[in-house]
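Coordinate analysis (summary)
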Amino acid sequence: MEIMDINQLQKQFRDFYGDSSESIRVYFAPGRVNLIGEHTDYNDGYVFPCALDYGTYLVLRRNNSDNLQFKSADFDYETSVKIVNQFSKHGEEWVNYPLGVLQEFIKEDIELHGYDLMYFGNIPLGSGLSSSASIELVTARAFNEECSANFTMVELVKIGQLAENKFVGMNCGIMDQFAVGMGQKNAAIFLDCETLDHELVPIKKSDYKLIISNTNKPRKLIDSKYNERRSECEKALEMLNRAGDGFKNLGKIDWHEFESLQNNITDPVILQRARHVVSECSRVKRAVDALKADDLILFGKLMNESHDSLREDYEVTGMELDTMVNEARKVDGVIGSRMTGAGFGGCTVSLVHEDAIDTFIEQVGRLYKQETTFTPAFYVAEIGDGAKRLV
Ligand code: GLA
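Residues numbered from 1 in each chain as written. Predicted model: local features only at pLDDT ≥ 70, side-chain atom pairs only at ≥ 80, totals over all residues. Heavy atoms only, no water.

**Notes on the sheet that holds strand E11 (residues 347–353)**
In spatial order, the strands read E10-E11-E9-E12; together these four strands make up an open sheet with antiparallel pairing. Every other strand in the sheet has two partners, leaving strand E10 (334–340) and strand E12 (377–380) as the edge strands with one partner each. This sheet shows a mean twist of 20° between the axes of neighbouring strands, independent of strand direction. By the bridge criterion, six bridges tie E10 to E11 in an arrangement that is antiparallel. Residue pairing for E11: Arg 338 is matched across the bridge by Val 349. On the sheet, helix H9 (residues 296–312) packs against strand E9 (208–214), E10 and E11 and is oriented at approximately 35° with respect to E10. (Pairing = 2+ DSSP bridges. Helix = DSSP H or I, 4+ residues; strand = E, 2+ residues; numbered from the N terminus. Axes fitted to C-alpha atoms, helices over the stretch in contact; angles between N-to-C directions. Contact = heavy atoms within 4.5 Å.)

**Things to note about H9**
Over its 17 residues, H9 runs 24 Å from end to end, which matches the ideal 24 Å to within 8%, given 1.5 Å per residue. Among the residues making up H9, those that are buried are Leu 296, Phe 299, Gly 300, Leu 302, Met 303, Asn 304, Ser 306, His 307, Ser 309 and Leu 310. Looking at the buried positions of H9, the neighbouring elements they touch are E9, helix H8 (268–292), helix H10 (319–330), E10 and E11. (Expected span 1.5 Å × (residues − 1). Buried < 20%, exposed > 50% of the residue type's maximum accessible area, 1.4 Å probe, protein only.)

**Observations concerning the domain arrangement of the chain**
Domain annotation for the chain reports domain 1 (6–204 + 385–389) and domain 2 (208–380). The C-alpha-based centres of domain 1 and domain 2 are spaced at 26 Å. Every contact between the two is made by 36 residues of domain 1 and, on the other side, 43 residues of domain 2. Here domain 1 and domain 2 share an interface that buries about 3,300 Å² over both sides, 62% of which is from carbon and sulfur atoms. At the boundary of domain 1 with domain 2, the tally comes to six salt bridges. Where the side of domain 1 that touches domain 2 is concerned, the elements lending two or more residues are strand E1 (25–34), strand E2 (46–47), strand E3 (49–62), strand E7 (187–192) and strand E8 (198–202). Taken together, the residues of the side of domain 1 that touches domain 2 break down into 17 nonpolar, 11 polar and eight charged. (Domains from an automatic or database assignment. Buried area = accessible area lost by both parts, 1.4 Å probe. Salt bridge = Lys/Arg side-chain N within 4 Å of Asp/Glu carboxyl O. Nonpolar A, V, L, I, M, F, W, Y, C, P; charged D, E, K, R; others polar.)

So, in structure tokens, the structure goes:
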């Protein structure tokens, strides 16, 4: 992944917007990769993501108008939005992410001023590495400072999620925004999505590296399939609660409890969905313990089990993700491989011995392409910091 040169970004900004006596500042928010704990966040369960060292850069400068000038350096898109009490949605454009964030600032009575803004991204869009949360949090982090709004980072994370749920209309959980906002270099975040209690668990230097493999499969209808899974989980909880136990969420039911109650779920598909969520939350806790005990082999085994559960019970993988994972697991030196993010395409994450990285990229790349016709892309993931100001 190409590292961005900040001087170059500022130059590109000035070339486009011209010179002014106001100072230019640069903010950054990363993408994220989830190591384990998929489709558990909206069930108030556990997740274990980390921030990447690539993401979205926002270069900005105050202008003397009532307008927010948005420009993407990556697409041919620019627009001018007048600051009003209620922004309107701009079709399916990426500018809805910053506008959704700024809408929440307005609701909190933060006074906005006109700015010239230029966004640069180096996360592949739509690849399941949270490019949208990255745009939300870079905007939230920047305007928090520019408008002296004094929100805490956790408040900014919640603002990012509200932007997505209310303005954009995607009913996501809190994981992506939390990882992007609260990430720390060389650590993964063990997060309880109900209470937001969290622990940063160091990823120590080892012979194993995290490789992200992008299926490059165009993803379609993800939002509707995602929302369908959410409502299936609600049904599962309702059925379990008919037995009278008054559970608040699926994510906190322990496996033994679930085993004794599962016959209350009469629909086989709903039962599968619930079994994934309950077993996945248990796997997250065991994976965190394994990492703390430096037991990467167990960690990798739990990653494999997570993928298999997402394939068999949650049915969110699909041919491309399964092919990528199957080919990865055949390479000597791979100790775990799973899909990451919402699924239905996007990326996998694999734990690979450093001596096997070249073979991995050559062999998995070749066989995946043969079997699916899509050309994949591979990145050795570096774990970076959450949203911050650079200049
Ligand atoms: C997407 C959502 C997250 C989470 C994952 C699945 O990335 O934005 O909130 O639900 O899918 O784990």
